[in-house]
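Coordinate inspection notes
Spelled out from the first residue to the last, the chains are:
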Amino acid sequence: MEEEVEIEYKNILSPTEYQALISEFEDCEQRIKHLHNMYYDTADRQLKAGGMGLRIRQADNYQHLTLKVRQADQEMREYTERLSVEDLTASLAQGRPVIKESLKHVLAQAGIAWQNLEMIGQFKTLRRELPYQGQLLVLDACQFDHYQDYELEMEVNNSQRGWQVFQNFLEERQIERRPAAVKVARMQATVPDYTF
């Protein structure tokens, strides 16, 4: 199991802003990923109540199971396990993820029985990534059940420096600051937070 702290800043983009950024950063076309995201929680939403999210992400050439635990604003501790194709197939067949002992232990410490997990939703993302001033710039087009939205993420190494790079990026392009809810919350919504 891999463990890391992720610091990221997010902003919802209008379709026009999204297209403008794709045009500006043409080399991101070489970095497209197709992601299928499947989220899990207990029937009474214990993960959500504990500031956590659990997902299987199936990409073009890998599949991961990731538990995210909120540490602070914009900061999540991530626990990630690589899944085999067999693990993914079994997870989909049984309706809950195949979880290894190390991650079962993390869930148990939070008082969550992995046997009670069930799929609460899924969506697809077209992702473009590229380095930007020492950070990772991510452009996501998310297709949820009821709507599609566009998101800018900046994954940063240092919260203060990263926040400044993120703010400058938006200001230089005259992109309005529109904080983005986490994807699992947007997945469960019937209408987007912002209309354009």
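As annotated in an unreviewed UniProt entry, the chain carries the name CYTH domain-containing protein and is attributed to Aerococcus sanguinicola.

Reading around the circumference, β1-β5-β4-β3-β2-β6-β7-β8 is the order of the 8 strands in this closed barrel, with antiparallel pairing throughout. For this sheet the average axis-to-axis angle between neighbouring strands, irrespective of direction, equals 35 degrees.

Moving on, we come to the nonpolar core. In this structure, L13, F25, L137, L152, M154 and F169 are the most contacted members of the largest nonpolar core, which totals 22 residues. Within the residue set of this core, elements represented by two or more residues are β1 (2-13), α1 (15-24), β6 (118-132), β7 (135-143), β8 (148-156) and α5 (159-172). The next biggest cluster of nonpolar side chains, apart from the first, holds 18 residues, and it includes L47, L54, I99 and L107.

Below, the discussion takes up the pattern of salt bridges. According to the stated counting rule, one finds 22 salt bridges in the structure shown. A salt bridge links K10 to E8; its shortest N-O distance comes to 3.4 Å. Each of the two residues, K10 as well as E8, counts as buried. Within this structure, E8, K10, K33, R127, E129, D140, D149, E151, E153, K183 and R186 form a network of salt bridges that share partners.

Extensive coverage of β8 is indicated by the burial of 7 of its 9 residues. Summarising the sheet, β7 and β8 pair through 8 bridges and their orientation is antiparallel. Counterpart to C142 in the pairing with β8 is D149. Linking two consecutive strands that pair antiparallel, namely β7 and β8, is a turn of 4 residues.

Before going further, it helps to examine the environment of A141. Here A141 shows up in strand β7. Ignoring anything within four residues of it in the chain, the contact list for A141 reads Y18, K124, T125, L126, Q148, D149 and Y150.

Moving on, we come to the side chain of E153. Checked against the element boundaries, E153 lands in strand β8. We classify E153 as buried; its relative accessible area is 3%. There is a polar contact of 2.9 Å between the side chain of E153 and the side chain of K10. Setting aside chain neighbours within four positions, we find E153 in contact with E8, Y9, K10, R127, L136, L137, V138, D140 and K183.

The next point concerns helix α3 (residues 85-94). Residues that lie three or four places apart on an α-helix share one face, since the helix turns once every 3.6 residues. Among all positions of α3, only D87, L88 and S91 are buried. Along the axis of α3, the buried residues cluster in a sector spanning 100 degrees; they form a single face. Exposed and oriented more than 90 degrees from the buried face of α3 are V85, E86 and A93. Just downstream of α3, G95 is the residue with a positive phi angle, here 80 degrees.

With respect to the helices and strands, the residue N158 is situated in the loop between β8 and α5. For N158, a relative accessible area of 40% translates into the label partly exposed. At 2.8 Å, the side chain of N158 and the backbone nitrogen of R161 are in polar contact.

Here we come to the UniProt feature "domain: CYTH" (unreviewed entry) in the chain. Within this structure's numbering, the places UniProt gives as "domain: CYTH" (unreviewed entry) are residues 4-194. Summarising residues 4-194: 28% helix, 41% strand, and an end-to-end C-alpha distance of 31 Å.

Quick look at unusual backbone geometry now. One non-glycine residue, R45, adopts positive backbone phi at about 60 degrees. For R45, the location among the structural elements is in the loop between β2 (32-41) and α2 (46-49). Although it is not a glycine, Q133 adopts a positive phi angle of roughly 50 degrees. Inspection of the secondary structure assignment puts Q133 in the loop between β6 and β7.

Rules used throughout
Residues numbered from 1 in each chain as written. Predicted model: local features only at pLDDT ≥ 70, side-chain atom pairs only at ≥ 80, totals over all residues. Heavy atoms only, no water. Pairing = 2+ DSSP bridges. Helix = DSSP H or I, 4+ residues; strand = E, 2+ residues; numbered from the N terminus. Axes fitted to C-alpha atoms, helices over the stretch in contact; angles between N-to-C directions. Core = buried A, V, L, I, M, F, W, Y, C linked by side-chain atoms within 4.5 Å. Buried < 20%, exposed > 50% of the residue type's maximum accessible area, 1.4 Å probe, protein only. Salt bridge = Lys/Arg side-chain N within 4 Å of Asp/Glu carboxyl O. Contact = heavy atoms within 4.5 Å. Polar contact = N/O pair within 3.5 Å; in protein donor to acceptor, adjacent residues only side chain to side chain. Arc of directions from axis to C-beta. UniProt positions renumbered as here; feature names shortened; annotations may be inferred.

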